[in-house]
Amino acid sequence: GDLHSLAITADGSVWSWGDGDCGKLGHGDQQNQLLPKKVEAFAGQRVVAVSAGVDHSVAITADGAVFAWGEGEYGCLGHGEDLSNQLLPKKIEVWSRE
C-alpha cells in the first residue's frame, strides 16, 4: 500500500502495520501500528493472498471468499451501495450469489 503493509504467515494468518487511516489495517480502529499486528478477524480461516491499496486492503481465503476493508469511497471495496469505511475485513458478497 501507500503507507501500510500486509503479510501472510505460513499458517495463513494476516498481519498488518503502518498507517491505520480509514481502517485499512483491519483491526477495528484507525490506529497506526508501528509493528506487525495480527488481523484477528481471520481467526480460524486460512488466507492465501492479500493486496494493499492506497487506503484499502483485500484478502482471499482458501475457500475462495474475498474480503475488503478500509476506505469505501467510490465503491473501491466492492460492497455495492455501502460506501462507508470498513474498519474490519468484510466479505464481498457478489461472488457468494453465484
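Residues numbered from 1 in each chain as written. Predicted model: local features only at pLDDT ≥ 70, side-chain atom pairs only at ≥ 80, totals over all residues. Heavy atoms only, no water.

Trainee: Outline the sheet that holds strand β3 (residues 33-38), listing residues and values.
Mentor: Spatially, β1-β2-β3 is the arrangement adopted by the three strands of the open sheet, whose pairing is antiparallel. The open sheet terminates on both sides in strands that have one partner only, identified here as β1 (4-8) and β3. Put simply, the sheet's adjacent strands are angled 15° from each other on average, direction ignored. Of the strand pairs in this sheet, β1 and strand β2 (residues 14-18) are connected by five bridges, and their pairing is antiparallel. The partner of Ile 8 across the bridge, within β2, is Val 14. (Pairing = 2+ DSSP bridges. Helix = DSSP H or I, 4+ residues; strand = E, 2+ residues; numbered from the N terminus. Axes fitted to C-alpha atoms, helices over the stretch in contact; angles between N-to-C directions.)

Trainee: Explain the side chain of Lys 24 residue by residue, including any values.
Mentor: Along the chain, Lys 24 turns up in the loop between β2 and β3. At a separation of 2.8 Å, a polar atom in the side chain of Lys 24 contacts the side chain of Asp 19. Contacts of Lys 24, omitting those with residues within four sequence positions, involve His 4, Asp 19, Val 54, Asp 55, His 56, Ser 57, Trp 69 and Gly 70. (Polar contact = N/O pair within 3.5 Å; in protein donor to acceptor, adjacent residues only side chain to side chain. Contact = heavy atoms within 4.5 Å.)

Trainee: Give a detailed account of the packing of aromatic side chains, specifying residues and quantitative values.
Mentor: Given two aromatic rings, their pairing is described by the distance between the two centres and the angle made by the two planes. Enumeration over the complete set of coordinates arrives at two aromatic pairs. With a centroid separation of 5.3 Å and 85° between ring planes, the pair formed by Phe 42 and Phe 67 is classed as edge-to-face. Note that Phe 42 is positioned in the loop between β3 and β4 (47-52) and Phe 67 in strand β6 (residues 66-70), a separation of 25 residues in sequence. Relative accessible area serves as the criterion here: at 10%, Phe 67 is assigned to the buried category. The rings of Phe 42, Phe 67 and Trp 69 are connected pair by pair, giving a single aromatic cluster. (Phe/Tyr/Trp six-rings, centres within 6.5 Å; stacked < 30°, edge-to-face > 60°. Buried < 20%, exposed > 50% of the residue type's maximum accessible area, 1.4 Å probe, protein only.)

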